[in-house]
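Take a look at the letters that make up each chain.
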Amino acid sequence: MTESGYQPIPLNFDRLPEAEMLTRGRAKLESLARRRSVREFSHDPVPRELIEIAISAANTAPSGANRQPWHFVAINDAEKKAEIRNGAEKEEKEFYQGGRAGDAWLEALAHLGTDWEKPFLETAPWLVVVFKEIAARAPDGSKSTNYYVSESVGIACGLFIAAVHEMGLATLTHTPQPMRFLSRILERPENERPYILFPVGYPDPKCQVPQIGKKSLPEVSSWFE
Ligand SMILES: Cc1cc2nc3c(=O)[nH]c(=O)nc-3n(C[C@H](O)[C@H](O)[C@H](O)COP(=O)(O)O)c2cc1C
């Protein structure tokens with residue numbers, strides 16, 4: 001080991017034949033393209049191990065200086081879920097009906113059919129609340145800086161969503177604003193901020209989703225070849 005602590009090891013990497021790369025890539029794209037945000041969940045229970053796998057997948061994410069500035073709280077306790085629904089609906093009522101959103105934002109959301117009521121926060125068997133660590137805290141209480149916190153946690157959340165989807169479950173990226181009520185209910189320390197709330201479960205068999213499209217590849221990319 002060098003003085004800096006840099007201790008390299010050989011990379012574990014399998015180089016694949018190009019045909020297999022295409023097959024794998026297309027299959028992954030086809031699967032990801034079928035993911036939808038779900039707002040109507042079934043009550044059916046989901047084994048804890050599947051949630052552990054999704055969180056572990058998120059935890060493999062790259063992060064600024066490898067600080068992993070995230071914490072995941074998984075909840076399937078009915079009382080806690082009711083408390084969270086109550087807190088979220090209070091904020092969302094203010095957002096949708098109390099003027100907090102403003103006309104332009106409400107107009108942008110209209111085609112999604114969302115409103116202040118969030119029954120899925122109780123019907124989904126699991127809620128996973130992701131916190132971002134704005135500073136790292138050592139066991140002795142001392143703090144140190146984390147780097148690229150929002151970027152890092154956003155990437156981890158993307159991997160979480162992909163893992164949930166690949167396992168045959170559904171989720172929603174939910175961001176009731178402001179979310180500080182989650183820190184209180186889930187007893188998180190002051191160096192963390194709520195980032196995203198993911199209900200996770202099976203879609204209700206009668207679940208409907210808004211009819212939306214995605215931009216095409218030429219619309220979202222430009223190339224220099
Ligand atoms: C950062 C972020 C915040 C979001 N917040 C909410 C939210 O609070 N409530 C909600 O119903 N959907 C929320 N969504 C979901 C989007 O509305 C949804 O991803 C979008 O309409 C595209 O639909 P799709 O996920 O089915 O492709 C959020 C998505 C993102 C990425």
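Up top you'll find the structure we're talking about.
Residue positions are given per chain, counting from 1 as you read along its sequence in written order. In view of the model being predicted, local features appear only for residues whose pLDDT reaches at least 70, and side-chain atom pairs are presented and counted only at 80 or more, with totals across whole chains, interfaces and linings using the full set of residues. Excluded from the side-chain calculations are hydrogens and water; all other atoms, namely the structure's heavy atoms, are used.

Peer 1: How do you make sense of the pairing of strand β2 (residues 126–133) when you look at a structure like this?
Peer 2: A regular strand carries its side chains on alternate faces of the sheet. We call a residue buried when its accessible area falls under 20% of the maximum for its residue type, exposed when it is over 50%, and partly exposed in between, using a 1.4 Å probe and counting protein chains only. For the purposes of this entry, the term helix denotes a DSSP run of H or I that reaches at least four residues, the term strand denotes a run of E that reaches at least two, and both are numbered from the N terminus. Taking burial as the measure, the 8 residues of β2 include 8 buried ones, the bulk of the element. Along β2, one buried face is formed by Trp-126, Val-128, Val-130 and Lys-132 and the opposite face, lined by Leu-127, Val-129, Phe-131 and Glu-133, is buried too. Pairing between strands is defined by DSSP: at least two bridges between the two strands are required. Pairing of strand β1 (residues 70–75) with β2, which is carried by 6 bridges, proceeds in the antiparallel orientation. Bridge pairing in β2 places His-71 opposite Phe-131. Pairing between β2 and strand β6 (residues 192–201): 8 bridges, direction antiparallel. When the sheet's bridge partners are listed, Lys-132 is paired in β6 with Arg-193.

Peer 1: Looking at this structure, how should I read the layout of surface pockets?
Peer 2: Any empty space left between atoms is shown by rolling a water-sized probe over those atoms. In the cavity and pocket records, a cavity denotes points on a 1 Å grid over the protein atoms alone where a 1.4 Å probe fits but cannot get out, a pocket denotes an open set with protein on both sides within 12 Å along at least 5 of 7 lines, and lining residues are residues with an atom within 4 Å of a point. Grid points are joined across faces, edges and corners, and a volume is the space filled by probe spheres set on the points. In this model, the largest pocket occupies a volume close to 320 Å³. Residue lining of the largest pocket: 16 residues in total, with Tyr-96, Leu-109, Thr-173, His-174 and Thr-175 positioned closest to the centre. Counting residues per element, the ones that place at least two in the lining of the largest pocket are α3 (78–97) and α4 (103–109). The element contributing the most residues to the lining of the largest pocket is α3, with 3 residues. Gly falls in the polar group here, along with every residue not listed as nonpolar (Ala, Val, Leu, Ile, Met, Phe, Trp, Tyr, Cys, Pro) or charged (Asp, Glu, Lys, Arg). Here the lining of the largest pocket is composed, by residue class, of 7 nonpolar, 6 polar and 3 charged.

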